[in-house]
Amino acid sequence: MWVKQISIFLENKSGRLAAVARLLADNGFNIRALSIADTSDFGILRLIVNDPARAYQVLKDAGFTVSETEVLAVEVPDRPGGLAGVLDLLHDTGINIEYLYAFVSKSAGNALVLLKVEDLERAVEVLGANGVTVQDYNIVHQI
Amino acid sequence: MYWNREMECMPAEERKKLQLERLRELVRRVYENVPHYQRVLREAGLRPGDVKSLDDLAHLPFTAKDDLRRTYPFGLFATSLANTVRVHASSGTTGKPVVVGYTRKDIDTWSEVMARTLMCAGVKDDDIIQIAYGYGLFTGGLGVHYGAEKVGATVVPISVGNTKRQIMLMEDFGTTALACTPSYALHLSEVLEETGTDRSRIRLRVGVFGAEPWSPQMAREIEKKLNVVAIDIFGLSEIIGPGVASECLYNTGLHIFDDHFLPEVIDPATGAQLPPGEEGELVITTLTKEAFPLIRYRTRDIATLHVEPCPCGRTHVRMSKVMGRTDDMLIIRGVNVFPSQIESVLLEIGHAEPHYLLVVDRKGPLDHLEVWVEVSERFFRDEVRHLESLGKTIKREIEGTLGIGVEVKLVEPKTIERSQGKAKRVVDKRDLPGKNKPQEG
């Protein structure tokens, strides 16, 4: 159920992002989604790739500070108010969202949003009960 | 322009006699009154009567900073607390502070050598001196204060900080002499400029600057910007405070008041005495101190000694400006900083074997310390706020330990160069004389 996200600590200096992208490319990884949270000194690069376990190892071996985080891939109706509806559900049940970003998907219909919340199980329960689909690990990483 | 012509201009041979007499008396006194000295002298197979000439100084054991820390707080005092009228202390940033004591006579001696220092700079009874060294446990403020009162100058005991007020009083009182750290002098000059102060109202003529290493270039810059003669003064609280040595107006090095403080320069590796002109570690024996006498105290300051006569007529041995340190201590805004302090803070926060680097620079006139800390997997979390709060915690803890502001920069692993031998913990970008010399060789 949980999607495995790889997070990488990057200093804010030129060439660091390119170095990660090159390393992943050279090792045959496909980046499915990414986001960067940045401050003036450093950034955290968050990635969804195929084979996250191996990507974690490759990045670690290359000397990057890496961690693995579990996130939810939530299907959001691709229409005005689609995201708002999902967020309202979580808000109403008091589930805080740490961060979210969109998933690049070629499949038509719904958009995919990656959500980091404190209580994953409860979020899935709430969303499921309200007819929102949470995508499976295998499906997301194999898209 | 002497304070004590007899002592300051005493022929060298005559002073040697006086030094020997005082040294013999000192060794006898510490042997009788300080258990530490009795022990180390016995271990060296020495009795007080064995000191027969000044050459015997070389046989006496050294005193190191560790000896001072180990005997905290009063273990090295040679007089009872009843006779101790004052204590000062270092900031204690590497653990327990070093505590030094003074009898009434020690305070007189201190005032005397500071009076000589001020006269070396041409400060006398008709001067108005603004003392912008910190007052308190730090020896700077009160040390200069007593000397200035002794020469009869009008003292403005303003202490450090509140720069605009400093300038206002300087204008209103017609201050002619300034005593502070060189970096604060530069800062003052910049604020003078920023506030568009009418320079004709500033009557400053001379500055006695010390408590941190500074280059001759910086001295020239201060002279130009403040329109003063910049005199370098030297001292350390272990010995007495400011007043150990001072430049005179001839700029030939710092006269060490060697009827009170007997200097040597040694090879820091072997401990062997080095001849005049050779660079090594400055070692000082306090010939006259009562409450806190020290035999062959290793200052860790690197300097050279000079014995040729100075045109001013003073016959003291002179020392060069301090060229560096034998340890990795940094002096930042007058505060002693050891890389190991940062290390203990990081270890306390919970990172074993932290990799860190201290980057020191001057931002404007003031020292600026940046601490680079590598983010290891152990404390990396996916959330920005977590890392930011980690950075803030490190900053707060370091500032609490050092007592000065720092910037903390989180960097990627392996950013900090690994070295085979002694880790390189410091990058000092300040323009200071010989600042990295000890580490380089």
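First things first, this report covers the structure right here in the doc. (Residues numbered from 1 in each chain as written. Chains lettered and ligands numbered in written order. Predicted model: local features only at pLDDT ≥ 70, side-chain atom pairs only at ≥ 80, totals over all residues. Heavy atoms only, no water.)

1. Observations regarding the overall build of chain A
Point 1. Looking only at helices and strands, chain A features 5 helices and 7 strands.
Point 2. Written out in order from the N terminus, the α and β elements of chain A read β-α-β-β-α-β-α-β-β-α-β-α.
Point 3. A burial count over chain A gives 45% of its 143 residues as buried.
Point 4. For chain A, long-range pairs separated by at least 24 residues make up 70% of all intrachain contacts whose partners lie at least 6 apart in sequence.
Point 5. Here chain A has roughly 7000 Å² of accessible surface; of this, 49% comes from carbon and sulfur atoms. (Helix = DSSP H or I, 4+ residues; strand = E, 2+ residues; numbered from the N terminus. Buried < 20%, exposed > 50% of the residue type's maximum accessible area, 1.4 Å probe, protein only. Contact = heavy atoms within 4.5 Å. Areas by Shrake-Rupley, 256 points an atom, 1.4 Å probe, with all protein chains shown as cover.)

2. Details of a nonpolar patch on the surface
Residue and element names in this part refer to chain A.
Point 1. Nonpolar side chains collect at one region of the surface, where L17, I31, L34 and I36 lie side by side and expose about 320 Å² of accessible area between them.
Point 2. Ranked by residues supplied to the nonpolar patch, first place goes to strand 2 (residues 31–38) with 3 residues.
Point 3. Along the chain, the position of L17 falls in helix 1 (residues 16–26).
Point 4. When its relative accessible area of 42% is taken as the criterion, L17 is described as partly exposed. (Patch = residues over 30% accessible without salt bridge, like charges linked within 9 Å, V, L, I, M, F, W, Y side chains within 5 Å. Salt bridge = Lys/Arg side-chain N within 4 Å of Asp/Glu carboxyl O.)

3. Focus on the environment of P213 of chain B
Point 1. Relative to the helices and strands, P213 of chain B resides in the loop between strand 6 (206–209) and helix 9 (216–226).
Point 2. Note: C-alpha distance between P213 of chain B and I331 of chain B (118 residues apart in sequence) is 7.4 Å.

4. Topic: the state of the cysteines
Two cysteines form a disulfide when their sulfur atoms are joined by a covalent bond.
Residue and element names in this part refer to chain B.
Point 1. Scanning all chains against the criterion turns up 0 disulfides over all chains.
Point 2. C312 provides the cysteine sulfur closest to C9, a residue in no disulfide bond, and the two sulfurs are 7.0 Å apart.
Point 3. With no disulfide partner, C310 has as its closest neighbouring cysteine sulfur the one in C312, 3.5 Å distant.
Point 4. Overall, the relative accessible area of 6% leaves C310 in the buried class. (Disulfide = S-S within 2.5 Å.)

5. So, the sheet that holds strand 21 (residues 426–428) of chain B
All names here are of chain B.
Point 1. Read across the open sheet, the 4 strands follow the order 20-19-18-21; overall the sheet is mixed. The open sheet is flanked by strand 20 (407–411) and strand 21, the only strands paired with a single partner. This sheet shows a mean twist of 20° between the axes of neighbouring strands, independent of strand direction.
Point 2. Sitting on the sheet, helix 10 (residues 339–349) touches strand 18 (356–363), strand 19 (366–374) and strand 21, and the angle it makes with strand 18 is about 125°. (Pairing = 2+ DSSP bridges. Axes fitted to C-alpha atoms, helices over the stretch in contact; angles between N-to-C directions.)

6. What about helix 1 of chain A?
Residues and elements named next belong to chain A.
Point 1. Among all positions in helix 1, only V20, L23 and L24 are buried. An end-on view of helix 1 places all buried positions within 95° of arc, on one side of the element. Exposed residues pointing more than 90 degrees away from the buried face of helix 1 are listed as A18, R22 and D26.
Point 2. Contacts made by the buried residues of helix 1 are with strand 1 (3–11), strand 2, strand 3 (42–49) and helix 2 (52–61).
Point 3. Positive phi shows up at G28, right after helix 1, with a value of about 75°. (Arc of directions from axis to C-beta.)

7. Side note on the pairing of strand 8 (residues 241–247) of chain B
Residue and element names in this part refer to chain B.
Point 1. Among the 7 residues that make up strand 8, 7 are buried, leaving the element largely enclosed by the rest of the structure.
Point 2. Pairing geometry for strand 7 (residues 229–236) and strand 8, over 4 bridges, is antiparallel. Note that in strand 8 the partner of F234 across the bridge is A245.
Point 3. Counting the residues in the hairpin turn of strand 7 and strand 8 gives 4 residues.
Point 4. Alignment of strand 8 against strand 9 (residues 254–256), held across 3 bridges, turns out to be antiparallel. Looking across to strand 9, one finds that A245 is bridged to I256.

8. Brief notes about the packing of aromatic side chains
Residues and elements named next belong to chain B.
Point 1. The final tally for this structure, using the stated rule, is 5 aromatic pairs over all chains.
Point 2. When the ring of F74 is compared with that of F77, the centres are 5.1 Å apart and the planes differ by 50°; the resulting orientation is tilted.
Point 3. Ring geometry for Y102 against W110: centres 4.7 Å apart, planes inclined by 10°, an arrangement best described as stacked. A single burial state applies to Y102 and to W110, both of which are buried. (Phe/Tyr/Trp six-rings, centres within 6.5 Å; stacked < 30°, edge-to-face > 60°.)

9. A word on the interface of chain A and chain B
Point 1. Across the contact, 26 residues belong to chain A and 18 residues belong to chain B.
Point 2. Regarding the contact of chain A and chain B, the summed buried area is about 1700 Å², with carbon and sulfur atoms giving 53% of it.
Point 3. In terms of surface lost to chain B, no three residues of chain A exceed F9, E11 and T65 of chain A, which account for 33% of the buried area on that side.
Point 4. Linking chain A with chain B are 4 salt bridges.
Point 5. Across the chain A-chain B interface, the total number found is 7 residue pairs in polar contact (both at pLDDT 80 or more). (Buried area = accessible area lost by both parts, 1.4 Å probe. Polar contact = N/O pair within 3.5 Å; in protein donor to acceptor, adjacent residues only side chain to side chain.)

10. Here we look at the pattern of salt bridges
Residue and element names in this part refer to chain B.
Point 1. Under the criterion given, the structure shown has 38 salt bridges over all chains.
Point 2. The salt bridge partner of E13 is K16, with a shortest N-O separation of 3.9 Å. Residue E13 and its partner K16 are located together in helix 2 (residues 12–33), separated by 3 residues, close to a single helical turn.
Point 3. Its salt-bridge partner being E281, residue R298 comes within 2.7 Å of it at the nearest N-O pair. Note that R298 is positioned in strand 12 (residues 297–303) and E281 in strand 11 (residues 280–286), a separation of 17 residues in sequence.

11. Concerning the sheet that holds strand 6 of chain B
Residue and element names in this part refer to chain B.
Point 1. Spatially, 9 strands are ordered 4-3-5-6-7-8-9-14-13 in an open sheet, and the strand pairing comes out mixed. Strands at the two margins of the open sheet, each flanked by one partner only, are strand 4 (154–156) and strand 13 (305–306).
Point 2. Pairing geometry for strand 13 and strand 14 (residues 318–319), over 2 bridges, is antiparallel. Directly across from L305, in strand 14, lies its bridge partner M319.
Point 3. Against the sheet, helix 6 (residues 139–151) engages strand 3 (128–131), strand 4, strand 5 (177–180) and strand 8, with an angle of about 165° to strand 3.

12. Regarding a negative patch on the surface
Point 1. Together, E118, D119, E121 and E125 of chain A line one region of the surface with negative charge.
Point 2. As for its position among the elements, E125 of chain A is in helix 4 (residues 120–129). (Lys, Arg positive; Asp, Glu negative; His and termini not counted. Charge placed at Lys NZ, Arg CZ, Asp CG, Glu CD.)

13. Regarding helix 3 (residues 82–92) of chain A
In an α-helix, one turn spans 3.6 residues, which is why side chains three or four residues apart end up on the same side.
Residue and element names in this part refer to chain A.
Point 1. Those residues of helix 3 that sit buried are G82, V86 and L90. One side of helix 3 carries all its buried residues, which in axial view fall inside an arc of 65°. Residues H91 and D92 are exposed on helix 3 and point more than 90 degrees away from its buried face.
Point 2. Along its buried surface, helix 3 packs onto strand 4 (65–76), strand 5 (97–103), strand 6 (111–117) and helix 4.
Point 3. Positive phi appears at G94, one or two residues downstream of helix 3, with a value of about 75°.

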